[in-house]
Amino acid sequence: QLVESGGGLVQAGGSLRLSCEASGRTLSTYTVGWFRQAPGKDRELVAAIKWSDSTTYHTDSVKGRFTIARDNARSTVYLQMNSLKAEDTAVYYCAANRFGVVTSTSGYDHWGQGTQVTVSS
């Protein structure tokens, strides 16, 4: 069970930090990805961090603005989002798998319920 938190309403140019925590398991051996889904659009991978060496992936549209990081001691993965834009508005989901970074939703076994991020322009 994954639980996201940290979403909310923010003005363009502002920042939010999302958290993904695991209930009943440790995330240290999982690759964790942050996806987002805007109304009428497909769910897309925003960032991911590999379990084995903490290699990170960030999609082009968020490079330089978003940063994914993990705290294994807290079994938590964070998505720091800076310089937010209206087009970042979406429901953000964390997801986990045991093997590596995959951009497709079908590559992840465990999902959270999502947290809404709304950026006002």
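Nothing here was measured: the structure is a model prediction, and the numbers come from that model.

**Q** It is not clear to me how the packing of aromatic side chains should be interpreted in this structure. Could you clarify?
**A** Two measures describe an aromatic ring pair: the distance that separates the ring centres and the angle between the ring planes. In total, this model carries four aromatic pairs according to the counting rule given. Both rings, one in Phe-35 and one in Trp-111, keep their centres 5.0 Å apart while their planes meet at 50°; by these two values the pair is tilted. Note that Phe-35 is positioned in strand S4 (residues 31-37) and Trp-111 in strand S10 (residues 110-111), a separation of 76 residues in sequence. For Phe-35, a relative accessible area of 0% puts it in the buried group. Residue Trp-111 is classed as partly exposed on the basis of its relative accessible area of 23%. Positioned above the aromatic ring of Tyr-93, the side-chain terminus of Arg-43 is 3.7 Å from the ring centre. The ring centre of Trp-111 lies 5.1 Å from the NZ or CZ of Arg-43, which sits over that ring.

**Q** Explain the environment of Ser-23 to me, please; I cannot follow it from the model alone.
**A** Here Ser-23 lies in the loop between strand S3 (16-22) and S4. Taking relative accessible area as the criterion, Ser-23 reaches 44% and is therefore assigned partly exposed.

**Q** It is not clear to me how the side chain of His-58 should be interpreted in this structure. Could you clarify?
**A** You can see His-58 is positioned in strand S6 (residues 56-58). Given the relative accessible area of 16%, His-58 is considered buried. At 3.1 Å, the side chain of His-58 forms a polar contact with the backbone nitrogen of Ile-68. Leave out the neighbours within four places in its chain, and His-58 touches Val-46, Ala-47, Lys-63, Phe-66, Thr-67 and Ile-68.

**Q** Help me understand the pairing of strand S11 (residues 115-120), please; the structure alone is not making it clear to me.
**A** A regular strand places its side chains on the two faces of the sheet in alternate fashion. Only one face of S11 is covered, namely the face carrying Thr-115, Val-117 and Val-119; the face carrying Gln-116, Thr-118 and Ser-120 is uncovered. Where strand S2 (residues 8-11) and S11 come together, four bridges link them in parallel fashion. Paired with Leu-9 across the bridge in S11 is Thr-118. Both strand S9 (residues 90-97) and S11 contribute to a ladder of three bridges, which runs antiparallel. Residue pairing in the sheet places Ala-90 in a bridge with Val-117 of S11.

Reading the values: rules and limits
- Residues numbered from 1 in each chain as written.
- Predicted model: local features only at pLDDT ≥ 70, side-chain atom pairs only at ≥ 80, totals over all residues.
- Heavy atoms only, no water.
- Phe/Tyr/Trp six-rings, centres within 6.5 Å; stacked < 30°, edge-to-face > 60°.
- Helix = DSSP H or I, 4+ residues; strand = E, 2+ residues; numbered from the N terminus.
- Buried < 20%, exposed > 50% of the residue type's maximum accessible area, 1.4 Å probe, protein only.
- Lys NZ or Arg CZ within 6 Å of the ring centre and 35° of its normal.
- Polar contact = N/O pair within 3.5 Å; in protein donor to acceptor, adjacent residues only side chain to side chain.
- Contact = heavy atoms within 4.5 Å.
- Pairing = 2+ DSSP bridges.

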